[in-house]
Amino acid sequence: MPRYHIWTIGCQMNKADSEHIAAYLEGVGYRPAPRPAGADIVLLNSCVVRQSAEDKVVHKLESLRSREGILALTGCMVDSDIAGLRERFPHVDLFFPPQDISVLARFLEERGLVAGGVDPGSVAARAATSTFVNIIQGCDNFCSYCIVPYRRGRERSRPMDEVVDEVKDLAQRGTKEVVLLGQNVDSYGHDLDGDASLAELLQRLNPIEGLNRIRFLTSHPKDMSDELIEAMARLDKVCEHVSLPVQAGDDGVLEAMGRGYTAGQYVRLVERIRRAVPRVALSTDVIVGFPGESEKQFEKTYELLRELRFDTVHVACYSPRAGTVTSRKLADDVPDAEKVRRRKAVEDLQEGISTEINAKLLGKRVGVLVEGRKKGRWWGRTRTDKLVFFDDSADRAGQLVDVEVTHTSPWSLRGELLG
Ligand code: SAM
Ligand code: SF4
């Protein structure tokens, strides 16, 4: 039986695409290989959001230069200049855009490596306990620093009936939680007929039998409607967790980023969400060292994070991306050492805040959806997206269990299973 190996880097959308590719390959008779060495086909699913991610992809590609077998590259590194990619990486047999597995299917069929006739679009996703479901591709926001809209194209929402049918099917096959994905998931439906919206989609997914939890990410602050907040508050299966990237706390930086909101508007949005969903956990993304960001402007970001007290903060140093507005118009003038200092300041601040937030859970009973085993322990997440570990000799995979929290850290919780 032929074997495949997929290496993935980047966001949840990439992970979802890799799952889809794996489901197709398994549907045509391939089996997974844990390492490239044992695989007939190796696929790299790439990310180019920051230079550091792109460097890792190039390093991985180089390490596979002398390997036998087929090598394919997909993900955000695959742009329209396939000829340029071929010149840079002549040992790669196939480049294909992640949203178009049919290119991979044709390639394998033409070489007699799979029996033809399987439509990759009709291959059902694998039903994990928690399964990613892409609901909107692409991004129309064109934040001035971001490469994603150039690589993933304009926003395209999947028809609502199609998403609902997929989630029903997943729930019948054992999925307990779906994570609805989009670069800008809040704008779901604006390109569909009628008044389709994420709030309406949540409303239709909530009654699905067998499904316990619904999450969605990533939200854009300028597109989060009151209707969506209200749906989150009202629908019992929609989890109390929002991923709401702020990127910066200074209005001048936000404007140069093209984010479409001010720091004050963002703070008021968080207040509205917290009023409507009191137990909500919030995560955010921040970029430090954006072109021209002064110490004073950085301090505004720092203050905003201290004031709002997020559960999780993902912080990155600004990385110029060729082709974006910022890289064309603004000099990357914050020195690397200063960017790293600012990133460390945010990380230290957040470690303290996450420590305090999680410590409040000590001795509390939390509901955990068990996703699997890691290092000899069961692990899962709370509705608020906290990672929880516990010991038990019985098979708990896929179960909703109650755990009493006995240890907390900024990154995870540990506890004892309650009977
Ligand atoms: N769509 C989401 C949003 O609105 O933020 C997230 C998508 S983006 C791929 C993930 C994160 O990467 C962003 O939130 C941002 O913090 C970071 N990012 C994007 N471009 C970057 C750049 N040029 N340099 C540093 N970080 C960047
Ligand atoms: Fe990039 Fe902005 Fe789109 Fe997020 S919303 S993917 S940061 S352009």
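A brief structural summary.

Analysis parameters
- Residues numbered from 1 in each chain as written.
- Chains lettered and ligands numbered in written order.
- Predicted model: local features only at pLDDT ≥ 70, side-chain atom pairs only at ≥ 80, totals over all residues.
- Heavy atoms only, no water.
- Pairing = 2+ DSSP bridges.
- Helix = DSSP H or I, 4+ residues; strand = E, 2+ residues; numbered from the N terminus.
- Axes fitted to C-alpha atoms, helices over the stretch in contact; angles between N-to-C directions.
- Phe/Tyr/Trp six-rings, centres within 6.5 Å; stacked < 30°, edge-to-face > 60°.
- Lys NZ or Arg CZ within 6 Å of the ring centre and 35° of its normal.
- Core = buried A, V, L, I, M, F, W, Y, C linked by side-chain atoms within 4.5 Å.
- Buried < 20%, exposed > 50% of the residue type's maximum accessible area, 1.4 Å probe, protein only.
- Contact = heavy atoms within 4.5 Å.
- Near = heavy atom within 4 Å.
- Nonpolar A, V, L, I, M, F, W, Y, C, P; charged D, E, K, R; others polar.
- Right-handed = clockwise from strand over helix to strand, strands pointing away.
- Parallel < 35°, antiparallel > 145°, perpendicular 65-115°, else oblique.
- Left-handed = near helix turned anticlockwise from the far one by under 90°.
- Polar contact = N/O pair within 3.5 Å; in protein donor to acceptor, adjacent residues only side chain to side chain.
- Areas by Shrake-Rupley, 256 points an atom, 1.4 Å probe, with all protein chains shown as cover.

## What about the pairing of strand 15 (residues 377-381)?
As paired strands, strand 14 (residues 365-374) and strand 15 are joined by five bridges and run antiparallel to one another. Bridge pairing in strand 15 links Arg-373 to Trp-378. Connecting strand 14 to the antiparallel partner strand 15 that follows it, the hairpin turn spans two residues, and Lys-375 within it adopts a positive phi of roughly 45 degrees. Connecting the antiparallel pair strand 15 and strand 16 (residues 387-390) is a turn made up of five residues, with Asp-385 showing a positive phi of about 70 degrees.

## Side note on the sheet that holds strand 12 (residues 281-288)
Strand order in this open sheet of three strands is 11-12-13, and the pairing throughout is parallel. If you trace the sheet from one side to the other, it starts and ends with strand 11 (241-243) and strand 13 (312-317), each paired once. On average, adjacent strands in this sheet sit at an angle of 15 degrees to one another, irrespective of strand direction. Note: strand 11 against strand 12, three bridges, orientation parallel. Along strand 12, the bridge assignment pairs His-241 with Ala-281.

## A few points about the packing of aromatic side chains
Applying the stated criterion to the full structure yields six aromatic pairs. Their ring planes at 55 degrees and their centres at 6.3 Å tell us that Phe-298 and Tyr-302 sit as a pair that is tilted. Of the two residues, Phe-298 and Tyr-302 are both situated in helix 11 (residues 295-308); the distance of four residues between them amounts to about one turn of the helix. Among the aromatic residues, those joined into a ring-pair cluster are Tyr-145, Phe-290 and Tyr-318. Its end group placed over the ring of Trp-378, Arg-373 keeps NZ or CZ at 4.7 Å from the ring centre. Between Lys-374 and the ring centre of Trp-379, over which it is positioned, the NZ or CZ distance is 4.3 Å.

## Quick look at the nonpolar core
Membership of the largest hydrophobic core comes to 71 residues, with the highest contact counts inside it found for Ile-135, Leu-180, Leu-198, Leu-201 and Phe-216. Excluding residues within four positions of it along the chain, Ile-135 makes contact with Arg-156, Ser-157, Arg-158, Val-163, Leu-180, Leu-181, Val-185, Tyr-188, Leu-198 and Leu-201. Counting residues in hydrophobic clusters, the runner-up holds 23 residues, among them Tyr-4, Ala-22, Tyr-30 and Ala-105.

## So, the site of ligand 2
Residues in contact with ligand 2, as listed here, are Cys-139, Asn-141, Phe-142, Cys-143, Tyr-145, Cys-146, Val-148, Pro-149, Gln-183, His-220 and Arg-259. Of the residues in the shell around ligand 2, the class split is seven nonpolar, three polar and one charged.

## Brief notes about the pairing of strand 10 (residues 213-217)
With five of five residues buried, strand 10 lies mostly within the body of the structure. Side-chain alternation along strand 10 places Arg-213, Arg-215 and Leu-217 on one buried face and Ile-214 and Phe-216 on a second face that is also buried. Sheet analysis places strand 9 (residues 177-181) next to strand 10, joined by five bridges and oriented parallel. Paired with Leu-180 across the bridge in strand 10 is Phe-216. In this fold, the crossover linking strand 9 to strand 10 by way of helix 7 (residues 198-205) has right-handed handedness.

## Looking at the packing of helix 7 against helix 8 (residues 226-234)
Their axes nearest at 8 Å, the elements helix 7 and helix 8 cross at an angle of 20 degrees. Considering their axes alone, helix 7 and helix 8 lie roughly parallel with respect to each other. Crossing angle aside, the handedness with which helix 7 passes helix 8 is left-handed. Across from Leu-198, Ala-199, Leu-202 and Gln-203 in helix 7, the residues of helix 8 making contact are Glu-227, Leu-228, Ala-231 and Arg-234. For the contact of helix 7 with helix 8, the per-class residue count stands at five nonpolar, one polar and two charged.

## A closer look at the site of ligand 1
Neighbouring ligand 1 are 16 residues, the closest being Tyr-145, Gln-183, Gln-247, Asp-285 and Ser-319. With respect to ligand 1, the side chain of Gln-247 contributes an N or O atom lying 2.8 Å from an oxygen atom. Here Ser-319 contributes a backbone N or O atom positioned 2.8 Å from a nitrogen atom of ligand 1. For ligand 1, whose unbound accessible area comes to 550 Å², protein coverage reaches 90%. Elements represented by at least two residues in the shell around ligand 1 include exactly strand 12 and strand 13. The residue makeup of the shell around ligand 1, split by class, is eight nonpolar, four polar and four charged.

## What about unusual backbone geometry?
Here the residue pair Leu-217 and Thr-218 is connected by a cis peptide bond, since its omega of 5 degrees sits within 30 degrees of zero. Relative to the assigned elements, Thr-218 resides in the loop between strand 10 and helix 8. Here the phi dihedral of Lys-375 falls at roughly 45 degrees; this positive angle occurs in a residue that is not glycine. According to the relative accessible area criterion, Lys-375 is exposed, its value standing at 86%.

Just geometry here; none of it tells us what the structure is for.
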